[in-house]
Amino acid sequence: KERMKRHAHACAGGERPTLRRLRYLVKWGHWQLLEYEEASAELREAVLDEVVRAFSPWVQRAYLLNAKEGARGHGKSPGGSSSVAIREVIQHLAPLCLLLQRRAALKAVEEAAEAVGV
């Protein structure tokens, strides 16, 4: 738990985390999920929360880019600046997608969903 507190402090900055930081977080999260495999579901949920929370600014960025594109009527060309921004967002969200495909993460997500009745 102490490691998670230190990690949370490192993430609290208000800026979008770098790709390097997100990749590290995914590795850390996977390692923690494996380490806590026999521990309480609450610990695994806390690990998921820490990892997924770091991706939130990038999800928000994707939403805003999508809203901006919709307002413009998709007038940008495929090589435009919005395409570059979208590629950047996809690149930063990819590590989360990869984590969620791992057995330990999938199991933790399923347990968390069951715990809240989904």
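Residues numbered from 1 in each chain as written. Predicted model: local features only at pLDDT ≥ 70, side-chain atom pairs only at ≥ 80, totals over all residues. Heavy atoms only, no water.

Engineer: For this particular structure, what's the right way to read the overall build of the chain?
Structural biologist: Scanning the chain from terminus to terminus reveals five helices and zero strands. When the helices and strands of the chain are read in sequence order from the N terminus, they spell out α-α-α-α-α. Accessible surface for the chain amounts to roughly 8,000 Å². Of this, 55% is attributable to carbon and sulfur atoms. (Helix = DSSP H or I, 4+ residues; strand = E, 2+ residues; numbered from the N terminus. Areas by Shrake-Rupley, 256 points an atom, 1.4 Å probe, with all protein chains shown as cover.)

Engineer: I'm lost on the pattern of salt bridges in this one. Help?
Structural biologist: For side chains of opposite charge, pairing can occur when their charged atoms come near one another. Throughout the structure, instances matching the rule amount to two salt bridges. The salt bridge partner of Glu-111 is Arg-44, with a shortest N-O separation of 2.8 Å. Linking Glu-111 in helix H5 (residues 103-115) with Arg-44 in helix H3 (residues 41-72), this pair joins segments that are 67 residues apart in sequence. With a closest N to O distance of 2.2 Å, Arg-53 and Asp-49 form a salt bridge. Placement of the pair is Arg-53 and Asp-49 together in helix H3, with a separation of four residues, close to one helical turn. (Salt bridge = Lys/Arg side-chain N within 4 Å of Asp/Glu carboxyl O.)

Engineer: Explanation requested: the packing of helix H2 (residues 19-35) against H3 in the structure shown.
Structural biologist: What describes two packed helices is the angle between their axes and the distance between those same axes. One way to put it is that H2 packs onto H3 with a least axis distance of 9 Å and a crossing angle of 165°. One element, H2, and the other, H3, form an angle in the roughly antiparallel class. Like other packed secondary-structure pairs, H2 and H3 cross with a definite hand, here left-handed. Contacts between H2 and H3 involve Leu-22, Leu-25, Val-26, Trp-28, Gly-29, Gln-32 and Leu-33 from the former and Arg-44, Val-47, Leu-48, Glu-50, Val-51, Ala-54, Phe-55 and Trp-58 from the latter. Taken together, the residues of the contact of H2 with H3 break down into eleven nonpolar, two polar and two charged. (Axes fitted to C-alpha atoms, helices over the stretch in contact; angles between N-to-C directions. Parallel < 35°, antiparallel > 145°, perpendicular 65-115°, else oblique. Left-handed = near helix turned anticlockwise from the far one by under 90°. Contact = heavy atoms within 4.5 Å. Nonpolar A, V, L, I, M, F, W, Y, C, P; charged D, E, K, R; others polar.)

Engineer: How should I be thinking about the packing of H3 against helix H4 (residues 81-100) in this particular structure?
Structural biologist: Packing of H3 against H4 leaves a shortest axis separation of 10 Å and a crossing angle of 145°. Here the hand of the crossing between H3 and H4 comes out left-handed. Packed against H3, whose contacting residues are Val-51, Val-52, Phe-55, Trp-58, Val-59, Arg-61, Ala-62, Leu-65, Glu-69 and Arg-72, the element H4 presents Ser-82, Ala-85, Ile-86, Glu-88, Val-89, His-92, Leu-93, Pro-95, Leu-96 and Leu-99 at the interface. Grouping the amino acids of the contact of H3 with H4 by side-chain chemistry returns 14 nonpolar, two polar and four charged.

Engineer: Help me understand the nonpolar core, please; the structure alone is not making it clear to me.
Structural biologist: Side chains of a nonpolar character, in soluble globular proteins, are inclined to be buried together. Leu-22, Leu-25, Leu-33, Val-51 and Phe-55 are the most contacted members of the largest nonpolar core, which has 22 residues in total. Of all the secondary-structure elements, those providing two or more residues to this core are H2, H3, H4 and H5. When residues of this core are assigned to their parent elements, the largest contribution, eight residues, is made by H3. Apart from the residues lying within four places of it in its own chain, the contact partners of Leu-22 are Pro-17, Ala-54, Phe-55, Trp-58, His-92 and Pro-95. (Core = buried A, V, L, I, M, F, W, Y, C linked by side-chain atoms within 4.5 Å. Buried < 20%, exposed > 50% of the residue type's maximum accessible area, 1.4 Å probe, protein only.)

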